[in-house]
Amino acid sequence: MDSFLHHYEGWEFGGVSVPEVLRAAETAHAYPMVDRDPLDRWSHGRTTLIGDAAHAMYPIGSNGATQSVVDARALAHALALHRDPAEGLAAYEAARRPAMTALQRANRRLGPEVVINLAHQRAPHGFTDIHQVIPAPELAEIAARYAATGAFDPVTVNQGSPYDTRTGDIPAGMPR
């Protein structure tokens, strides 16, 4: 606890002292910010990885769960479009791995949370209005850049899912 308690000295909210609350705790656990380097490949024959197994990343922007769901949909789509499962897995990986590698790297740069570091660098003694420290257009650009990287920007989202098998070219005999 001594390794981080100093960060909370002076924090008091509504008469509650954060350092006192922390000192009263029996134990404290740190949540490590860990990730893995992007993988060169996810698929091996008829086996592949999805979600955190394929692209573990810092927990920024709820991307662990979100991208796992997108992976599942992309995998189902690729398998529906290819009679050979190995070809389907290769297509899934080709569609998803580049984007997820970019997102892993963006999360290492703190994604949209980079504004926390910017605010601290530009106003180390605090501020009353974030827009005096980081102008609204810069905040918007940071958010837009990250949203585009994660494919949850309005333009991409409004295009609809690229994983809709009802409009894809499904091989004969494969269920829709």
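Residues numbered from 1 in each chain as written. Predicted model: local features only at pLDDT ≥ 70, side-chain atom pairs only at ≥ 80, totals over all residues. Heavy atoms only, no water.

Q: Describe the overall build of the protein chain, naming the residues involved and giving the relevant values.
A: Of regular secondary structure, the protein chain possesses nine helices and two strands. Counting from the amino terminus, the protein chain carries its helices and strands in the arrangement α-β-β-α-α-α-α-α-α-α-α. Relative to its length of 176 residues, the protein chain is extended, with a C-alpha radius of gyration of 22 Å against a globular reference of 16 Å. Principal axes of the C-alpha set define a box for the protein chain whose edges measure 70 × 40 × 30 Å. Long-range pairs, those at least 24 residues apart, make up 60% of the contacts in the protein chain between residues at least 6 apart in sequence. Here the protein chain has roughly 11,500 Å² of accessible surface; of this, 57% comes from carbon and sulfur atoms. Side chains of the protein chain carry 15 positive and 20 negative charges; the gap between the two charge centres is 10 Å. (Helix = DSSP H or I, 4+ residues; strand = E, 2+ residues; numbered from the N terminus. Rg over C-alpha atoms; globule rule 2.2 N^0.38 Å. Contact = heavy atoms within 4.5 Å. Areas by Shrake-Rupley, 256 points an atom, 1.4 Å probe, with all protein chains shown as cover. Lys, Arg positive; Asp, Glu negative; His and termini not counted. Charge placed at Lys NZ, Arg CZ, Asp CG, Glu CD.)

Q: Describe the confidence of the model for the protein chain, with residues and values.
A: The predicted model of the protein chain averages 85 in pLDDT, with 93% of residues at 70 or higher. Here helix α9 (residues 154-158) stands out as the element of the protein chain with the lowest mean pLDDT, 81, in contrast to strand β2 (residues 16-17), whose mean of 94 is the highest. Predicted confidence is poor over residues 170-176, with pLDDT under 50, and the contacts of this stretch with residues over four places away or in other chains come to 18 contacts. (pLDDT = per-residue confidence, 0-100.)

Q: Describe the side chain of S17, naming the residues involved and giving the relevant values.
A: Here S17 shows up in strand β2. According to the relative accessible area criterion, S17 is buried, its value standing at 14%. In this view, S17 contacts W11 and E12; residues no more than four positions away in its chain are not counted. (Buried < 20%, exposed > 50% of the residue type's maximum accessible area, 1.4 Å probe, protein only.)

Q: So what's going on with the nonpolar core? Which residues, and what values?
A: The tendency in soluble globular proteins is for nonpolar side chains to be buried as a group. Grouped together as the largest cluster of nonpolar side chains are 14 residues, with contacts concentrated most on W42, Y92, M100, L103 and Y146. Listed by contribution, the elements that provide at least two residues to this core are α4 (63-81) and α5 (85-108). A total of five residues in this core trace back to one element, the largest contributor, which is α5. Counting six residues, the second-largest nonpolar core is a separate cluster that includes L118, A119, A123 and I142. (Core = buried A, V, L, I, M, F, W, Y, C linked by side-chain atoms within 4.5 Å.)

Q: Run through α4, naming residues and quoting values.
A: Between its first and last C-alpha, α4 extends 26 Å over 19 residues, near the 27 Å set by a 1.5 Å rise per residue. Turning to α4, its buried residues number three or more, namely N63, Q67, D71, A74, L75, H77, A78, A80 and L81. (Expected span 1.5 Å × (residues − 1).)

Q: Tell me about the packing of aromatic side chains, and please be specific about residues and values.
A: Taken as a whole and assessed by the stated rule, the structure comprises four aromatic pairs. Aromatic side chains F4 and Y8 sit 6.3 Å apart centroid to centroid with 90 degrees between the ring planes, which places their arrangement in the edge-to-face category. With a centroid separation of 6.0 Å and an interplanar angle of 90 degrees, the aromatic rings of W11 and F13 are classed as edge-to-face. Within the aromatic cluster, the residues linked to one another by ring pairs are F4, Y8, W11 and F13. (Phe/Tyr/Trp six-rings, centres within 6.5 Å; stacked < 30°, edge-to-face > 60°.)

Q: Before we move on, could you go through the packing of helix α6 (residues 114-122) against helix α8 (residues 136-150) and cite the residues and values that matter?
A: It is at 11 Å that the axes of α6 and α8 come closest, and there the two elements cross at 150 degrees. Overall, the two elements α6 and α8 adopt an arrangement that is roughly antiparallel. The segment α6 lies against α8, with V114, V115, L118 and R122 engaging E138, L139 and I142. Its residues placed into classes, the contact of α6 with α8 shows five nonpolar, no polar and two charged. (Axes fitted to C-alpha atoms, helices over the stretch in contact; angles between N-to-C directions. Parallel < 35°, antiparallel > 145°, perpendicular 65-115°, else oblique. Nonpolar A, V, L, I, M, F, W, Y, C, P; charged D, E, K, R; others polar.)

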